[in-house]
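# An overview of the molecular structure
Given next are the chains, with one letter for each unit.
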Amino acid sequence: MIYFDKSGPDTTDGWNGLNTKQAEESKKMYGDNSITQTKKKSFFRQFLSNFGDPIIKILLIALALNVLFTFRNFDWFESLGIAFAIFLATFVSTFSEFSSEAAFEQLQEDAGKITCRVRREGKLILLPINEIVVGDIVLLQSGERIPADGIILQGELNVAQSALNGESLECKKRPASAETEQWDLMSKHQLFRGSVVSNGDGIMQVVRVGNGTFYGAMAKDMQEDTRQSPLKLRLENLANSISKLGYIGAGLVALADLFHSIVMDCGFQLPLIMEKLTTPAALFSSLLHAMTLAITVVVVAVPEGLPMMITVVLSANMRRMLKDNVLVRKLVGIETSGSLNILFTDKTGTLTKGQLSVAHFIKGDGKEYRSKEDFQRKAKPLYDIFELGSYFNTGSAVSAEQAVGGNATDRALLSYVLPVREGVKRYQKLEVVPFDSARKFSSVHIKGEKEYILIKGAPEKILPNVSRYYDEAGKVCSLTNRSILRKKWNEMANQAIRVLAVAVSEKKITEEGNFENLILVGLVGIRDEIRPEVRGAVRQVREAGVQVIMITGDNKETAAAIAKEAELLGYHDGSILLTSAELSQLSDTQLKEMLPKICVIARAVPTDKSRLVRIAQEMDLVVGMTGDGINDAPALKRADVGFAMGSGTEVAKEASDIVIVDNNFASIVKAILYGRTIFKSIRKFIVFQLTMNLCAVGVSMIGPFIGIDSPVTIVQMLWINMIMDTLGGLAFAGEPPLSEYMNEKPKRRDEPILNGYMLNQIGVMTAFILTLCILFLKCGFVKDYFHYAENDIYFLTAFFNFFIFLSIFNCFNVRTTRVKIFSNLWQNKIFLVIMCGVLFAQLLFVYFGGELFRTIPLPLRELKIVIFCALIVFPADMIRKAVLKISRKNCSV
């Protein structure tokens, strides 16, 4: 560390600081106090790079081929649809990713606004925080933010370090007789950038600046790229599968069409076949028709609606989640939350309320009051005395009926009694002995309706001098059983509750603490209370298969007490509590082995959080992190999904994916449930789309072999494509979050989107629907009924309706894994609206589509027959589901 002589002009404190030359040399050697920012991509460059997404690549290829082979027909509708889907999905993704970098910019902006009082060459000057250098002498007072890491040289400070360690307890700082090399947030003489002086005056010397500070290390972590989301990883694998499927299908359809036009049309006669192959015009016409049909199949097979559907389903649920106090900043964070395997949670402000409050009041006979209302109702005279002590014997003040200033303990006591009775304000202070950590007590002499000398302090200081106590009626009684008070005191201490004794003296009190024959008002237990909903929420998250680990700056004993109360520790055998020092002694390999059993990390520093996130991600776990302070921001950004509390710092919110508006840990349960619901909605959409894609490809490929050259026209195929992509996606976007989803295990990060159940449904229903379509096209009875011999357009109109109704009814099958296909249907009203809309549009196309859609009006009787025949998909899928349930196979998407 750097120390300077007190030579030079005389000052009130004796510290002159650096001269100009020393400041320049220090800047050259150690740098200034600014935090280095890595260069990031511009919005346009990020937008271009997102075209590398696997699904987008497939769509670009399909778009190029579609434009090339439909150029002669000037049929641009499908091309424009694909182009719009590409642009929308890419733009939304880019906007989300680009805006996440605002977290670091917010950190820089906040830091750059601070100015400091610095001693240079014996003069006091104001310097921007970025111009501070190692060796500078900085003056500090209550309310000021500490500009760099250093040591306190003079004075005494109460410092709030919650921005760095997340803990609400203030830390007292005073000069040390000997320097220490180890930097520790709990050190009594080290000061850290980002913390705030809550009380006192002092002088510090700067030792570490810029990136070398605790704050700078966190800022550096904020700039590191986050890894790929589970959804994006799964979509990559799906894109590869779908592209292969689409291209294979297109190739088969093209070969089938060529075989039909070259071989079958020539009656399998070799001379005619050879003549057609050697005639360029005829061969080119056949090739062009086959390629056009193949490209149509590729367009149908490639899910151009999938990126848009994902955007729609995420956006729709984002609005629904906001009603549940869950604000989604980054769309992909919703789905990722449903895949969580492990959740690291900050204690202060997340599991707890984030501020000290009175939790217990125990009077002289051991009787306990847990709430202010209970205390006032059952012991009003005693409460009135306690109210006077809390209001006058304090270093805090009242502003707008809130406690401000002073230390956290004083604010907790004062907040407990606010608002006070009008009679309290008529009392006058006569003498005050302020609190001092060496004396361990404070007292005040007040006079009004009655006269009191009120004392509060450490129990070990007060209790030995107590001989009497006030009962519930405010009468003085002899204290005969001290053991019960000691027992209560020890019980609270073991639960990490800070205990104070409050008493009344009949004699004046001096600073030496001349206590004698005191009258006990009571023992007060003060703590940062667990939120009332936390236990149930933690239990729900754990039952959903998510491991919860609490990270806190508290000592081991306090952390253990809080963790037990929140039901984090001791719920299974072998649960482990580690301190930061113990954690640092573990190698990465050892930590990976222990991680499944770890429940609590005590005395944690910010780097612990980032390391734990990194280790969990290396184990291929989907990681969540909750927090509210600047200290949480790097880990919030690095985690797969970061949950910031609504009352937290702006930097934490900017670094997060999701903001819990009501600071309620229970809202994380809702986020996980919504995430699982969304992933299921995506899976349902894919099952529906792939089933109908395969059916459409199958019909196009098989049709020529059974004498139907074009069972479905290109325009009809585009309408089918619109149902499957756009409208299908919108329909599944409104699926309700069902509590049963929380009973399932989390999905692996690399788990394929297509699971066994989905493949079963796709395979069985594709085969069934395709069989129905072939029977419809081939069966002589059906052809006769729909007058195929007289007017094939009439028959093909009936088939077009049959295929569309099969698609609509199968959509109902896909939306639930239950045998009862209408289960929870009324919770997704948008689904019914869209299905009814598709049905209405289909009827319009049938009766008014004409040559464009290759349709002619069907009589109502025959339309009913088509609908009735399509209804057979309902019992078919019910049987499939029932068989799966009987065989006890996985029945979940």
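Refer to the structure presented above.
The present account deals with the structure reproduced in this document. (Residues numbered from 1 in each chain as written. Predicted model: local features only at pLDDT ≥ 70, side-chain atom pairs only at ≥ 80, totals over all residues. Heavy atoms only, no water.)

## Some words on the overall build of the chain
- Counting its regular elements, the chain contains 34 helices and 26 strands.
- Expressed as a percentage of the 893 residues in the chain, the buried residues total 56%.
- Pairs at least 24 residues apart make up 72% of the contacts formed inside the chain by residues separated by at least 6 positions.
- With the model as given, the accessible surface of the chain reaches about 37,700 Å², and the carbon-plus-sulfur share is 58%. (Helix = DSSP H or I, 4+ residues; strand = E, 2+ residues; numbered from the N terminus. Buried < 20%, exposed > 50% of the residue type's maximum accessible area, 1.4 Å probe, protein only. Contact = heavy atoms within 4.5 Å. Areas by Shrake-Rupley, 256 points an atom, 1.4 Å probe, with all protein chains shown as cover.)

## Structural notes on the packing of helix α19 (residues 534–543) against helix α26 (residues 666–702)
- Direction vectors running N to C along α19 and α26 enclose 25 degrees, while the axes themselves pass 8 Å from each other. Overall, the two elements α19 and α26 adopt an arrangement that is roughly parallel. The two elements α19 and α26 cross, and the hand of that crossing is left-handed. The residues of α26 that touch α19, namely those facing Ala537, Gln540 and Val541, are Ala666, Val669 and Ile672.
- Looking at side-chain class alone, the contact of α19 with α26 contains 5 nonpolar, 1 polar and no charged residues. (Axes fitted to C-alpha atoms, helices over the stretch in contact; angles between N-to-C directions. Parallel < 35°, antiparallel > 145°, perpendicular 65-115°, else oblique. Left-handed = near helix turned anticlockwise from the far one by under 90°. Nonpolar A, V, L, I, M, F, W, Y, C, P; charged D, E, K, R; others polar.)

## Details of unusual backbone geometry
- Look at the link from Leu418 to Pro419: it is a cis peptide, with omega at -5 degrees.
- Here Pro419 is to be found in the loop between α16 (408–417) and β14 (428–436).
- One non-glycine residue with positive phi stands out, namely Asp620, at about 65 degrees.
- As for its position among the elements, Asp620 is in the loop between α23 (606–618) and β24 (623–627).
- Look at Arg854: it is not a glycine, yet its phi comes out positive at around 55 degrees.
- Along the chain, the position of Arg854 falls in the loop between α32 (850–853) and α33 (860–870).

## Thoughts on the pattern of salt bridges
- One pass over the structure, following the stated rule, counts 42 salt bridges.
- Salt-bridge contacts for Glu431 lead to Lys508; the nearest nitrogen and oxygen are separated by 3.5 Å. Of this pair, Glu431 sits in strand β14 while Lys508 sits in the loop between β19 (498–505) and β20 (518–530), placing them 77 residues apart in sequence.
- By relative accessible area, Glu431 is classed as partly exposed at 41%.
- Taking the shortest distance from any N to any O, the salt bridge between Lys440 and Glu460 comes out at 3.7 Å. Here Lys440, found in the loop between β14 and β15 (441–447), pairs with Glu460, found in helix α17 (residues 459–462); they are 20 residues apart in sequence, far enough to count as distant.
- On the basis of relative accessible area, Lys440 is assigned to the partly exposed category, the value being 37%.
- For Glu460, a relative accessible area of 42% puts it in the partly exposed group.
- Salt bridges here are not isolated pairs; linked through shared partners, they connect Asp588, Lys592, Arg611, Arg614 and Glu618. (Salt bridge = Lys/Arg side-chain N within 4 Å of Asp/Glu carboxyl O.)

## So, the packing of aromatic side chains
- Within the structure shown, the criterion is met by 29 aromatic pairs.
- Taking the centre distance of 6.1 Å and the plane angle of 65 degrees together, the rings of Phe259 and Phe268 count as edge-to-face.
- Phe259 gets classed as partly exposed once you look at its relative accessible area, which sits at 34%.
- Taking the relative accessible area as the measure of exposure, Phe268 reaches 55% and is therefore exposed.
- Judged by centre distance (5.3 Å) and plane angle (90 degrees), the ring pair of Phe375 and Tyr383 falls under edge-to-face. An identical accessibility class is assigned to Phe375 and Tyr383; each is buried.
- Here the basic side chain of Arg208 rests over the ring of Trp183, its NZ or CZ set 4.2 Å away from the ring centre.
- The ring of Phe679 has Arg234 lying over it, and the distance from NZ or CZ to the ring centre is 4.6 Å. (Phe/Tyr/Trp six-rings, centres within 6.5 Å; stacked < 30°, edge-to-face > 60°. Lys NZ or Arg CZ within 6 Å of the ring centre and 35° of its normal.)

## Details of the environment of Ala767
- Following the sequence through the fold, Ala767 ends up in helix α28 (residues 756–778).
- Considered as a pair, Ala767 and Leu694 are 73 residues apart in the sequence and their alpha carbons are 9.1 Å apart.

## Let's talk about the nonpolar core
- Phe643 and Phe665 are the most contacted members of the largest nonpolar core, which has 121 residues in total.
- Broken down by element, this core gets its largest block of residues, 18 residues, from α26.
- Those residues in contact with Phe643 that lie beyond four places of it in its chain are Ser337, Leu340, Leu343, Met625, Thr626, Gly627, Leu636, Ser656, Ile658, Ile660, Ile668 and Ala671. (Core = buried A, V, L, I, M, F, W, Y, C linked by side-chain atoms within 4.5 Å.)

## Re the sheet that holds strand β9 (residues 342–346)
- What the 8 strands build is an open sheet, ordered β8-β26-β25-β24-β9-β21-β23-β22; its pairing is mixed. Across the chains shown, the open sheet's two edge strands, defined by having one partner strand only, are β8 (326–328) and β22 (576–579). The sheet shows a mean angle of 20 degrees between the axes of neighbouring strands, taken without regard to direction. (Pairing = 2+ DSSP bridges.)

## As for α28
- The end-to-end C-alpha distance of α28, which contains 23 residues, comes to 32 Å, matching closely the 33 Å that a straight helix rising 1.5 Å per residue would cover.
- Each element contacted by the buried residues of α28 is listed here: α26, α29 (780–785), α30 (792–814) and α34 (873–886).
- Here α28 starts with a cap whose side-chain oxygen sits 3.3 Å from the backbone nitrogen of Tyr757, and that cap is Asn755. (Expected span 1.5 Å × (residues − 1). Polar contact = N/O pair within 3.5 Å; in protein donor to acceptor, adjacent residues only side chain to side chain.)

## Some points on the side chain of Thr336
- By the secondary structure assignment, Thr336 is in helix α12 (residues 332–337).
- Note on Thr336: relative accessible area 0%, which makes it buried.
- The contact partners of Thr336, leaving out residues within four places of it in the chain, are Ser229, Pro230, Val622, Asp640 and Val641.

## Observations regarding the state of the cysteines
- Inspection of every chain in the model, using the stated rule, returns 0 disulfides.
- No disulfide involves Cys773; its nearest neighbouring cysteine sulfur is the one of Cys695, lying 6.1 Å away. (Disulfide = S-S within 2.5 Å.)

## Some points on a nonpolar patch on the surface
- A cluster of nonpolar side chains, Ile248, Leu252 and Leu255, forms an exposed patch at the surface whose accessible area comes to about 310 Å².
- As for its placement among the helices and strands, Leu255 is situated in helix α8 (residues 230–264). (Patch = residues over 30% accessible without salt bridge, like charges linked within 9 Å, V, L, I, M, F, W, Y side chains within 5 Å.)

## Section: the pairing of strand β4 (residues 149–160)
- In this structure, β4 lies alongside strand β7 (residues 196–208), joined through 11 bridges in antiparallel fashion. Each residue of the ladder has a partner; that of Asn158, found in β7, is Asn199.
- Alignment of β4 against strand β5 (residues 171–173), held across 3 bridges, turns out to be antiparallel. Looking at β5, one finds that Leu157 is bridged to Lys173.

## Digging into the environment of Phe87
- Counting through the fold element by element, Phe87 comes out in helix α4 (residues 77–100).
- Put simply, Phe87 and Phe47 are 40 residues apart on the chain and 9.6 Å apart in space, counted from C-alpha to C-alpha.

## Here we look at the environment of Arg527
- For Arg527, the position within the fold is in strand β20.
- A relative accessible area of 4% means that Arg527 is categorised as buried.
- Residues within four places of Arg527 in sequence aside, it is in contact with Gln355, Leu356, Ser357, Ala359, Gln495, Ala496, Ile497, Ile562 and Glu565.
- Within the structure, the side chain of Arg527 is placed 2.8 Å from the side chain of Glu565, a separation counted as a polar contact.

## A look at α19
- Those residues of α19 not exposed but buried are Val534, Ala537, Val538, Val541 and Arg542. Looking straight down α19, one finds that the buried residues subtend no more than 135 degrees of arc, so they occupy a single side.
- Elements that come into contact with the buried residues of α19 comprise α13 (347–351), β20, β21 (547–551) and α26.
- Immediately downstream of α19, the backbone of Gly545 shows phi near 90 degrees, a positive value. (Arc of directions from axis to C-beta.)

## Here's the deal with the packing of helix α15 (residues 380–392) against α16
- At their nearest, the axes of α15 and α16 sit 8 Å apart, and the two run at 135 degrees to each other. Classed by the angle they form, the pair α15 and α16 counts as oblique. In the crossing of α15 with α16, the sense of the turn from one axis to the other is left-handed. Residue-level inspection shows Tyr383, Phe386, Glu387, Ser390 and Tyr391 of α15 in contact with α16, the latter providing Leu413, Leu414, Tyr416 and Val417.
- Class assignment for the residues of the contact of α15 with α16 results in 7 nonpolar, 1 polar and 1 charged.

## Thoughts on the pairing of strand β1 (residues 115–120)
- Relative to strand β2 (residues 123–128), β1 runs antiparallel, the two being bridged by 6 bridges. In the sheet register, Arg120 faces β2, and the bridge partner there is Lys123.
- Between β1 and β2, which follow one another and run antiparallel, lie 2 residues, and Glu121 among them has a positive phi close to 55 degrees.

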